[in-house]
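The primary structure of each chain is shown beneath.
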Amino acid sequence: MTKWYRENAPITAENLTDEWMRLKRGSVTRRHFLGVTGLGLATAVLARQPGLFNSAAYAQDLGTTMSLATWPNYHDPATFEAFTAATGVAVEVNVFGSNEEMLAKLQAGGTGWDLFVPTNYTISTYVKLGLIDPLDMSKLPAFSQASQSARFTSEGAIDAKTYALPKNWGTTGMAVNTSKIKTKITSWKDFFEVAMTEADGRAMVHDYQLTTIGSALVSLGYSFNSIKPEELAKAEELLIKVKPHLYGINSDYQPGMRATDAWMTMCWTNDGAQLNRDMPEIAYILGTDGGEIWTDFYAIPKSAANKPAGYALLDYLMTPANAVKEHIANGAPTTDSRVLALLPADVTSNKIVYPDEASLTKLEFGAAVTLTDPARAELMARFKSA
Amino acid sequence: MTAASANDIEFRSVTKRYGSVTAVTDINLTVPKGAFVALLGPSGCGKTTCLRMIGGFEQPSEGTVLIDGREMNGVPPYRRAVNMVFQHYALFPHFDVEQNVAYGLKQARPKLASSEISARARQALEMVRLGGFEKRRIHEMSGGQQQRVALARAIVNKPSVLLLDEPLAALDKKLRTAMQIELQTLQRELGITFVLVTHDQEEALSMSDMVCVMNAGRIVQMAKPQDVYDKPADLFVADFVGKTNRIMATVEADGATLRLSNGTALPAGSGLKPGVATVALRPEAIELARQAGRDGGVLAGTVTHRIFLGSTAEYQISVDGLGDFLVTADRRSVQESDLVEPGERVVLTFDPGKVHVFPA
Amino acid sequence: MPLAPDRKRQLTTAALVAPAGLWLFVFLVLPFMAMVVFAFGERAPEGGYQAAFTFAQFANLPSRAAAFWNTLMIAPIGAFLCLIVAYPVAYYLAIKSNPKYRLVLVSLVVVPFWTSLLVRTYAWMYILGSRGIPNLLGMIGIEDVRLLNTPGAVLLGIVYGYLPLMIMPIYVSLEKLDRRLLEASADLGAKPVSTFFGVTLPLSLPGVMTGVALVTILLLGEYLIPQLLGGGKVFFIGNALVDLFLQSRNWPFGSAIAVTLVVVVVIVLSVAMRIAWKVSGSRQVDLV
């Protein structure tokens, strides 16, 4: 998924996610997706219609619309339908390709978002820049700190104040088409080697400094989050050496993998689960030498136009009965034991989604410094223009 | 063909159709070497189509066009020894005057030396009296000058036939007259065949030594200019070439008496087919005299308009029983006073031999 | 008292120009001035702009030299390829096609513009992707051909995307061309090839230059096609700007690059126009 057409997609939340699910399963073409979503046009109107006259339990001060900034293919369409039916508030969804882009938009101002989905390592920066406020927990009765795993939620709180609540966690691994690549790949070191040999012209890395530079660092035995100049220089050398052999530098790797134009890619948990479900020959592998583990959070921007609705949707999403549908839909693992208990066994037994604890030990959470470090941004630019 | 043909151009039963529209039908035409032929006719008569078939821009649907005795069907324009002066000249706007004229020379294979090209281009420009204008750009030239550039460009390749498509149509009257003389002079100097297309009968009559009058895709008459004027082949030619008065009449049973529709009887030439006919009479064949104190005269009428032209005057006269007549009077032929005034009664006399009778 | 006629005409002209002038000022001049100001500032620690006066951003320009180089190479090459493909099409439309169907044929050239370039480029992703042409090649025994994410695919996308912009001005200049000039050329003994190079081509140069200028300028800002058909491996100024503003949030450096690009475009264009005037012998180049 590339980033430019995610912005302000003028389509109802239901349709967008619905079409996305169909697209990702390969039942519609990309072109159809673009056609039905009418990307590039004005704002969504249809979503607002059903909610106009049936607001029920919630107070009237929720208004009739709200705006959510999130990731593609990350929600169950039914969730927003049900929320609209219950509250009369229609949800406008904006999808993004990177945390950097979300931050850039919030820094520039005028987003109109009432709720958004930042990843763990960015939250401290949002707080520092004063872009988000501590959450008023009294408005979020459905959230239960007790049932959360502290490992995934800790970065949502700063100085004992909670700024963000966890949506789900996940990993950044490798998706490998085993019918095309016979070499056994177990580490990031393997990944970059095979990219230059057996998978020459068929491997993809993300158009994303955190994971691309991070994974290169890991393959060289350094920390995923390193900003040490000499280690970054080594990573840069490796990336520039690999570049001519790459199929693409693109975070939208599902189409290429599904078409078998690409045989191997950096991959996030939920995409890995979807690819593997539809094409069992595509394996999802965590690096034995390390890699990223992450949590996505919900936060409310200070500039939100409709905070009551933002809180209402957040509380709705924290309700286990609602959250479980979300997790079945997007395939990412939950941080909440109440939700885990409700999930069907075939989801919880999926080793892609819920890997063995041992395989997670070497993974690192992204560090805030990588978000703002100019050296990594410049390295990425040199890599891409090389 | 081994021996050189006496004719530069020959049309043999040429018909040209555009889809369902027939532009020219069964044209047979020979243009002897060194002739100045004018194709004359109203717009749409097919004269330009004939010219374009000589140039090679159109191919006959049927029949053959020959140039210098050789069949030209299917031969493209750039392989024909004819050149054309186009209507509105079609000069190349991105070249200067000399480059325009030299264009044809530059196409020669083997290539000519650039000094020769330049010398010949300048020579051609001298011939049309444009020496010194070599480096001017086309849009800096007047209409008459552009006309000369077009001429120079067309003659520089020394064609055996020069085609002229309405060459003077865009010029004002004075310039046109001057150019008519120049074209005749040029033709004599070059000694090549000129084929001129025009709708202007005066232009055709004044310049050419052979006029080919066309109408509705056919050749109606081909003759020397004075014969076309004096002995028009039919009513169309009589009407189109020069001015004419038309009178409805009947040829009596004896074949020698003509009765005009107002009852006036005239002696006519012999051998006419009895029956209805149209009589054509040139305005200048009529003599005009004041009726006062006179008898005789063939026709009588009243002057309605007078147009004074200097040496002559044109009168519109309402002739009793026959309607409006046009009369061109030499001022000396009008007796007693120079000019007859509108409203005056006049008598019209003419030599019955100058009457042309066309059976209906 | 009534206004003097020329005073009145001045006012009328001013009234007619004002909306466009205001539009240009608010949406072109002001943003450009803001960009110039940003270009001399510095990046705030967490990204964005921080007031300063420094030439550091311009001094850093060599770090994007590759992007500048790629852009300045691909723009004229892409425009030239467009020209090679567009000219015969325009020539056919303007000179050879049946006038009865000309309007329909010309419309067909324009119709793709009714769909967004993004969607049309995605269509190419599928045609060039493994399920497209490589799949067909696989059927005749040529396996695992990769067309997508290659420089060839980028050039194809560029030629495809910008073709109508090249065809239309050339078509217009050829359509205006007086057919009798071609006949005159043939009449003077020029074979069709000589007529083309001696008359047709020089007289259609204004259209050619307009098309080349249009396509070149737009290509200088292109980033979508290399991203989609080149797999993000080809890095243009456009891509550099997107990354600087949306990823590393380095507004001052992004502004410095954008300002530099504008300057480069102005220089390149004025040189190109000067050459065109010289060649065509007139100042008929429609863009300037």
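Student: Got a minute to help me understand the overall build of chain B in this structure?
Tutor: When helices and strands are tallied, chain B shows eight helices and 20 strands. Considering only C-alpha atoms, chain B reaches an extent of 80 × 45 × 35 Å along its principal axes. At a minimum sequence separation of 6, the contacts of chain B that also span at least 24 residues come to 64%.

Student: Which parts of the structure should I look at to understand the environment of Val276(B)?
Tutor: Residue and element names in this part refer to chain B. On the secondary structure map, Val276 appears in strand β14 (residues 275-281). Judged by the 12 C-beta atoms lying within 10 Å of it, Val276 falls in the exposed class. In this structure, the C-alpha to C-alpha distance between Val276 and Leu260, residues 16 residues apart in sequence, is 10.0 Å. Beyond its immediate stretch of four places on either side in the chain, Val276 contacts Thr250 and Ala360.

Student: Is there a simple way to think about the sheet that holds strand β4 (residues 62-67) of chain B in this case?
Tutor: The strands that make up a sheet pair up through hydrogen bonds in the backbone, lying either parallel or antiparallel. Pairing is antiparallel across the open sheet formed by four strands, whose spatial order is β2-β1-β4-β5 (chain B). For this open sheet the edge positions go to β2 (21-32) and β5 (70-71) of chain B, each flanked by a neighbour on one side alone.

Student: Can you help me understand the arrangement of the chains in this one?
Tutor: Of all two pairs of chains in contact, the one with the most contacts involves chains A and C. Note that chain A does not reach chain B: the shortest distance linking a C-alpha of one to a C-alpha of the other is 45 Å.

Student: Teacher, can you tell me more about the interface of chain A and chain C here?
Tutor: How large an interface is tends to be reported as the accessible area lost when its parts come together. Counting residues at the interface gives 37 residues for chain A, matched by 35 residues for chain C. Elements with a minimum of two residues in the side of chain A that touches chain C: α2 (30-37), α4 (99-108), α5 (123-128), β8 (246-249) and α18 (374-385) of chain A. Of the residues contributing to the side of chain A that touches chain C, the split by class is 13 nonpolar, 13 polar and 11 charged.

Student: I'm lost on the interface of chain C and chain B in this one. Help?
Tutor: Residue-level contacts link 17 residues of chain C with 17 residues of chain B. A total of six residues in the side of chain C that touches chain B trace back to one element, the largest contributor, which is helix α8 (residues 179-187) of chain C. Taken together, the residues that form the side of chain C that touches chain B break down as eight nonpolar, four polar and five charged.

Student: What exactly am I supposed to notice about the pairing of strand β10 (residues 218-223) of chain B here?
Tutor: Looking along a regular strand, one sees the side chains alternate between the two faces of the sheet. Residue and element names in this part refer to chain B. The sheet contact formed by strand β9 (residues 210-215) and β10 spans five bridges and is antiparallel. Paired with Val213 across the bridge in β10 is Gln221. The hairpin turn running from β9 into β10, its antiparallel successor, is two residues long, and Ala216 in that turn takes a positive phi close to 50°.

Student: Quick question: what am I supposed to make of the sheet that holds strand β1 (residues 65-70) of chain A here?
Tutor: All names here are of chain A. Ordered in space as β2-β1-β3, the three strands form an open sheet in which the pairing is parallel. Each edge of the open sheet is held by one strand with a lone partner, namely β2 (90-95) and β3 (115-116). Here two bridges tie β1 to β3, and the two strands are oriented parallel to one another. The residue of β3 that forms the bridge with Ala69 is Phe116.

Student: Got a minute to help me understand α18(A) in this structure?
Tutor: An α-helix turns once per 3.6 residues; consequently, residues spaced three or four apart project the same way. Residue and element names in this part refer to chain A. The end-to-end C-alpha separation of α18 is 16 Å, in line with the 16 Å expected for 12 residues at 1.5 Å each. Where burial is concerned, most of α18 is hidden: nine out of the 12 residues are buried. Among all positions of α18, only Arg376, Ala377, Glu378, Leu379, Met380, Ala381, Phe383, Lys384 and Ser385 are buried.

Student: Honestly, the packing of helix α9 (residues 229-242) of chain A against α18(A) in this entry has me stumped. Any pointers?
Tutor: Helices that pack against each other are described as a pair by the angle of their axes relative to one another and the distance between those axes. All names here are of chain A. Interhelical geometry of α9 versus α18 gives an angle of 20° and a closest axis separation of 10 Å. As far as their axial angle goes, α18 and α9 are roughly parallel. For the pair α9 and α18, the crossing hand works out as right-handed. The residues of α18 that touch α9, namely those facing Pro229, Leu232, Glu236, Leu239 and Ile240, are Ala375, Arg376, Leu379, Arg382 and Phe383. Partitioning the contact of α9 with α18 into residue classes produces seven nonpolar, no polar and three charged.

Student: Whenever I open this one, the domain arrangement of chain B confuses me. Can you help?
Tutor: All names here are of chain B. Annotation of chain B at the domain level lists domain 1 (7-239) and domain 2 (246-359). Taking the mean C-alpha position of each, domain 1 and domain 2 sit 40 Å from one another. At the junction of the two partners, domain 1 supplies four residues and domain 2 supplies four residues. The residue makeup of the side of domain 1 that touches domain 2, split by class, is three nonpolar, no polar and one charged.

Student: Is there a simple way to think about the packing of α8(C) against helix α9 (residues 192-220) of chain C in this case?
Tutor: All names here are of chain C. Closest axis-to-axis distance for the α8/α9 pair is 10 Å, and the angle between their directions is 140°. Regarding the angle of α8 to α9, the classification is oblique. The handedness of the crossing between α8 and α9 is right-handed. Within the contact between the two elements, α8 uses Leu181, Leu182, Ser185 and Ala186 and α9 uses Thr195, Gly198, Val199 and Thr200. A breakdown of the residues in the contact of α8 with α9 according to their chemical character gives four nonpolar, four polar and no charged.

Student: Explain the confidence of the model for chain C to me, please; I cannot follow it from the model alone.
Tutor: Residue and element names in this part refer to chain C. Overall, the predicted model of chain C reaches an average pLDDT of 87, with 95% of residues at or above 70. Ranking the helices and strands of chain C by mean pLDDT puts α8 first, with 94, and helix α12 (residues 251-280) last, with 84. The ipTM assigned to the predicted complex is 0.83, against a pTM of 0.77.

Student: Help me understand unusual backbone geometry in this model?
Tutor: When glycine is set aside, most residues are seen to have a negative phi, and most peptide bonds are trans. All names here are of chain B. Note that the residue after Arg109, namely Pro110, is joined by a cis bond; omega there is 0°. Even without glycine at this site, Ser13 takes up a positive phi of about 45°. By the element assignment, Ser13 lies in strand β1 (residues 7-18). Residue Ser13 is classed as exposed on the basis of its C-beta count, with 12 C-beta atoms lying within 10 Å.

Parameters at a glance
Residues numbered from 1 in each chain as written. Chains lettered and ligands numbered in written order. Predicted model: local features only at pLDDT ≥ 70, side-chain atom pairs only at ≥ 80, totals over all residues. Helix = DSSP H or I, 4+ residues; strand = E, 2+ residues; numbered from the N terminus. Contact = placed C-beta atoms within 7 Å. Buried ≥ 20, exposed ≤ 12 C-beta atoms within 10 Å, placed from the backbone. Pairing = 2+ DSSP bridges. Nonpolar A, V, L, I, M, F, W, Y, C, P; charged D, E, K, R; others polar. Expected span 1.5 Å × (residues − 1). Axes fitted to C-alpha atoms, helices over the stretch in contact; angles between N-to-C directions. Parallel < 35°, antiparallel > 145°, perpendicular 65-115°, else oblique. Left-handed = near helix turned anticlockwise from the far one by under 90°. Domains from an automatic or database assignment. pLDDT = per-residue confidence, 0-100.

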